[in-house]
Amino acid sequence: MNTDPHLTLRLARDDRDLMAAQRLRYRVFIQELGGDGNLVDHDRRLERDRFDPFFDHLILVDERRDAATLDDVIGVYRLLPGDKAGAAGGFYSEGEYDLDPLRRTGRRLVELGRSCVDAEHRGGMAMMYLWNGLSEYVLERGIEILFGPASFHGTDTARLAQALSFLHHHHLAPPELRVTAREASCQPMDLLAADQVDRKAALQDIPPLIKAYLRLGGCVGDGAWIDHAFNTTDVCLVMDTAQMASKYKDFYGRKVTGHDLAGR
């Protein structure tokens with residue numbers, strides 16, 4: 001792909017890098033999308049949670065922006081390999097989904113989340129940089145299954161009925177990978193029968209990056225999770241890297257646009 005000499009992709013190296021990632025997350029998830037959380041620091045404008053110290057944070061840095069004010073990180077992805085999950089007390093998404101099917105596979109896992117791109121860089125190459133970095137991360141560590149919550153903005157499931165039903169009927173994970181939403185805030189996704197789903201309307205309502213995951217062979221768990229505090233409706237995406245390999249090349253011929261949110 002074409003490269004921009006002002007953009008650098010790397011893993012966060014220190015607390016400053018992490019805070020710059022949290023500052024970007026604050027702009028997107030809190031200011032733009034109206035979310036909140038117990039550990040969000042509104043005074044310093046940092047979106048954070050207790051899991052951050054355990055994740056690897058893939059950051060895209062724009063060298064033209066001011067690092068001293070934490071303004072230089074314009075894209076983020078946070079990644080938790082399975083061998084680090086124990087120290088974190090489990091995966092972030094375990095609060096929403098029963099992940100036992102993934103654990104029973106015995107395969108190497110990584111949880112994805114908190115993906116976002118600065119508003120000024122959406123529609124350009126930023127997300128492609130992040131996906132390239134994610135690909136390298138996966139290959140270097142021999143990751144076999146990627147998973148994580150992906151968010152729809154808002155909690156009105158009636159408005160999301162077409163999209164959620166489409167995902168349930170056409171992209172439900174196979175039984176051996178089918179995580180299930182926990183009962184506390186579970187929303188069944190088959191809100192409409194298969195013959196009532198308008199494919200065009202459904203695809204219009206699905207966030208661009210979720211569609212990108214689907215093109216790579218991704219699938220979803222059973223049930224959505226309603227997160228009122230974060231003002232989102234979450235689905236759990238699951239991707240088998242063996243499936244991704246056959247579709248990877250085709251993905252790079254497409255552009256990811258819109259908010260470019262992979263969810264939380």
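Report on the accompanying structure.

**Quick notes on the nonpolar core**
In this structure, Tyr77, Leu112, Phe152 and Val235 are the most contacted members of the largest nonpolar core, which totals 41 residues. Elements supplying a minimum of two residues to this core: strand S2 (56-62), strand S3 (73-81), strand S5 (109-117), helix H4 (126-141), strand S6 (145-153), helix H5 (161-171), helix H7 (208-215) and strand S11 (232-240). When residues in this core are grouped by element, the largest group, eight residues, is from H4. With sequence-adjacent residues up to four places away left out, Val235 is seen in contact with Tyr97, Gly148, Pro149, Ala150, Phe152, Leu164, Leu167, Met189, Ile210, Val220 and Ala224. Core analysis: the second largest hydrophobic core is formed by 21 residues, Phe51, Leu80, Phe147 and Trp225 among them.

**Quick look at the packing of aromatic side chains**
Within this structure, the stated rule accounts for four aromatic pairs. An angle of 80° between the planes, with centres 5.6 Å apart, marks the rings of Phe51 and Tyr92 as edge-to-face. With Phe51 in the loop between helix H1 (15-32) and S2 and Tyr92 in the loop between helix H2 (82-85) and strand S4 (97-98), the pair connects residues that are 41 residues apart, well separated along the chain. You can call Tyr92 buried: its relative accessible area is 14%. For the cation-ring pair, Arg78 lies above Phe55, with the distance from its terminal atom to the ring centre recorded as 4.2 Å. Just above the ring of Tyr92 sits the side chain of Arg78; from NZ or CZ to the centre is 5.2 Å.

**Some points on the pairing of S11**
S11 sits mainly inside the fold: nine of its nine residues count as buried. The alternating pattern of S11 places Thr232, Asp234, Cys236, Val238 and Asp240 on one face and Thr233, Val235, Leu237 and Met239 on the opposite face, and all of these are buried. As defined by bridge partners, S6 adjoins S11 across nine bridges and the pair is classed as antiparallel. Among the inter-strand pairings, Phe147 is bridged to a residue of S11, identified as Val238. In the sheet, strand S9 (residues 219-220) pairs with S11 via two bridges, with the strands oriented antiparallel. Across the sheet, Cys219 pairs through a bridge with Val238, a residue of S11. In terms of strand pairing, strand S10 (residues 224-227) meets S11 through three bridges, oriented antiparallel. Bridge pairing in S11 places Trp225 opposite Asp234.

**Overview of the side chain of Thr241**
Summarising the element assignment, Thr241 is placed in helix H8 (residues 241-251). At 3.3 Å, the side chain of Thr241 and the backbone oxygen of Ile143 are in polar contact.

**What about the environment of Thr69?**
Tracing the sequence through the fold places Thr69 in the loop between S2 and S3. Considering only alpha carbons, one finds Thr69 and Ala20, 49 residues apart in sequence, at a separation of 8.3 Å.

Definitions and limits used
Residues numbered from 1 in each chain as written. Predicted model: local features only at pLDDT ≥ 70, side-chain atom pairs only at ≥ 80, totals over all residues. Heavy atoms only, no water. Core = buried A, V, L, I, M, F, W, Y, C linked by side-chain atoms within 4.5 Å. Buried < 20%, exposed > 50% of the residue type's maximum accessible area, 1.4 Å probe, protein only. Helix = DSSP H or I, 4+ residues; strand = E, 2+ residues; numbered from the N terminus. Contact = heavy atoms within 4.5 Å. Phe/Tyr/Trp six-rings, centres within 6.5 Å; stacked < 30°, edge-to-face > 60°. Lys NZ or Arg CZ within 6 Å of the ring centre and 35° of its normal. Pairing = 2+ DSSP bridges. Polar contact = N/O pair within 3.5 Å; in protein donor to acceptor, adjacent residues only side chain to side chain.

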